[in-house]
Amino acid sequence: MARAMPQPSFFKRLFSHDVAVDLGTANTLIYTHDQGIVLNQPSVVCFQKHAAIGRERVAAVGKEAKQLLGRVPVNLEAVRPMRHGVIANFAAAEHMIRQFVDMSSTRTRLGRRPSFTICVPAGATQVERRAIREAAVAAGAWKVNLIGESLASAVGAGLPVSEATGSMVVDIGGGTTEVGVIALGGMAYSGSIRVGGDQFDLAIVNYVRNVYGVVLGDQTAEHVKKTIGTAIRDVPTERINATGRSLDDGLPRTVQLTNHDIAEAIASPLAHVIGAVKAALESAPPELVTDIADAGIVLTGGGSLLGNLDRCLSDQIGLEVRLADEPLTCAVRGAGAASAVLDPHAFD
Ligand SMILES: Nc1ncnc2c1ncn2[C@@H]1O[C@H](COP(=O)(O)OP(=O)(O)OP(=O)(O)O)[C@@H](O)[C@H]1O
Ligand SMILES: [Mg+2]
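From a predicted model like this one, the values you see are computed outputs, not experimental measurements.

**A few points about the environment of Gly123**
(1) Moving on: Structurally, Gly123 can be placed in the loop between strand S9 (115–120) and helix H4 (126–138).
(2) Moving on: Assessed through the 18 C-beta atoms surrounding it within 10 Å, Gly123 is described here as partly exposed.
(3) Moving on: Between the C-alpha atom of Gly123 and that of Ala267, which follows or precedes it by 144 residues, the distance is 23 Å.

Next up, the structure:
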């Protein structure tokens, strides 16, 4: 059962200007104690090349920029600055964060710049962590704390993170899957693989190209996945039409795909996700594994919304698996509430 979100004290709420940021591969969310989620946008920024002055300016960010991905005219460039939960394009990330901070009106309060708590994948290197800090400072933060995404997600999912009982959370995002075992307010095990929803989309693109000879765009593949995607095959057939470019003649062609096609297409990245969960169960301290066997596993992140993923994991692992409430916002809500329930050493 999900618990009520821990709240910081009255004085902390009054005097601090803390902002939680989930800088995700697919989506960026910003959360404040007072207002809740103040921004939820795709992590995309679109630049316009200004030939006359030889510079670029930001033409669009977020939802508007995502609509332009893969379909921009020659003087525009749509960029996804994050890959596998870390910054792949620093300049683009800095512009994107700055715009999002402006859009969420969190840059200053009573003349003070905000302190950011940002979710990072457990597998992020020191260099990748420093890049995230620097981009946040450039975007207006005066102080940056980093928190592991699975720990933040566990707090956001309402798991009993401060108790001695072990809890397991699996956060499947756009570019990473984070597996965490949490007890006494800290990580007893954390694992991170660079596989998430993006790799499912790519697997669908490859499958449709190989089997049907049609090249789908990434966004079409994502739409197919979200509409009929399933992690298991023994379910009633569902169908969807998808249009791409024929490999034969280069012309548009529509193919009819079934949910069984999608299950087959994503089998390989899905096996990696299941492998990461099994590795966590094999490596976590035995007492905590006993707790997890009793309490089950909680799924968070947008990737966990894939049809029948909870059932698939449960069948493969033999434990109860359930989806958190609002899985797409667990990490940012948890990062916002974390300082009220975790020791300072939980932050980097
Ligand atoms: N209904 C759905 N079915 C399947 N996948 C979904 C669904 N809804 C969202 N997704 C996928 O969830 C992913 C985005 O999830 P999320 O916002 O948690 O990722 P992120 O936090 O940006 O990424 P990361 O944590 O890896 O940096 C995308 O790949 C998206 O396609
Ligand atoms: Mg995420």
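**Details of helix H10 (residues 286–295)**
(1) Moving on: The set of residues buried in H10 consists of Leu288, Val289 and Ile292. Buried residues along H10 cover an arc of 105 degrees about the axis, so they all sit on one side. The exposed set on the far side of H10, more than 90 degrees from its buried face, consists of Pro286, Glu287, Thr290 and Asp294.
(2) Moving on: Looking at the buried side of H10, the elements it contacts are strand S11 (167–172), strand S12 (177–183), strand S13 (186–193), helix H9 (267–283) and strand S17 (297–300).
(3) Moving on: Gly296 sits one or two residues past H10 and shows a positive phi near 85 degrees.

**Quick word on the environment of Gly301**
(1) Moving on: Following the sequence through the fold, Gly301 ends up in the loop between S17 and helix H11 (309–317).
(2) Moving on: Setting aside chain neighbours within four positions, we find Gly301 in contact with Ser153, Asp171, Ile172, Gly173 and Pro327.

**Comments concerning the site of ligand 1**
(1) Moving on: What surrounds ligand 1 is a group of 24 residues, the closest being Gly24, Ala26, Gly173, Gly197 and Gly302.
(2) Moving on: When contributions to the shell around ligand 1 are tallied by element, the ones reaching two or more residues are helix H6 (197–212) and helix H7 (218–228).
(3) Moving on: For the shell around ligand 1, the leading source of residues is H7, giving three residues.
(4) Moving on: Each residue belonging to the shell around ligand 1 can be placed in one class, and the counts come to four nonpolar, 14 polar and six charged.

**Examining unusual backbone geometry**
(1) Moving on: Phi at Leu184 is positive, roughly 50 degrees, even though this residue is not glycine.
(2) Moving on: Of note in this structure, Asn308 is not a glycine but carries a positive phi near 65 degrees.

What counts as what
Residues numbered from 1 in each chain as written. Chains lettered and ligands numbered in written order. Predicted model: local features only at pLDDT ≥ 70, side-chain atom pairs only at ≥ 80, totals over all residues. Helix = DSSP H or I, 4+ residues; strand = E, 2+ residues; numbered from the N terminus. Buried ≥ 20, exposed ≤ 12 C-beta atoms within 10 Å, placed from the backbone. Arc of directions from axis to C-beta. Contact = placed C-beta atoms within 7 Å. Near = placed C-beta within 6 Å. Nonpolar A, V, L, I, M, F, W, Y, C, P; charged D, E, K, R; others polar.

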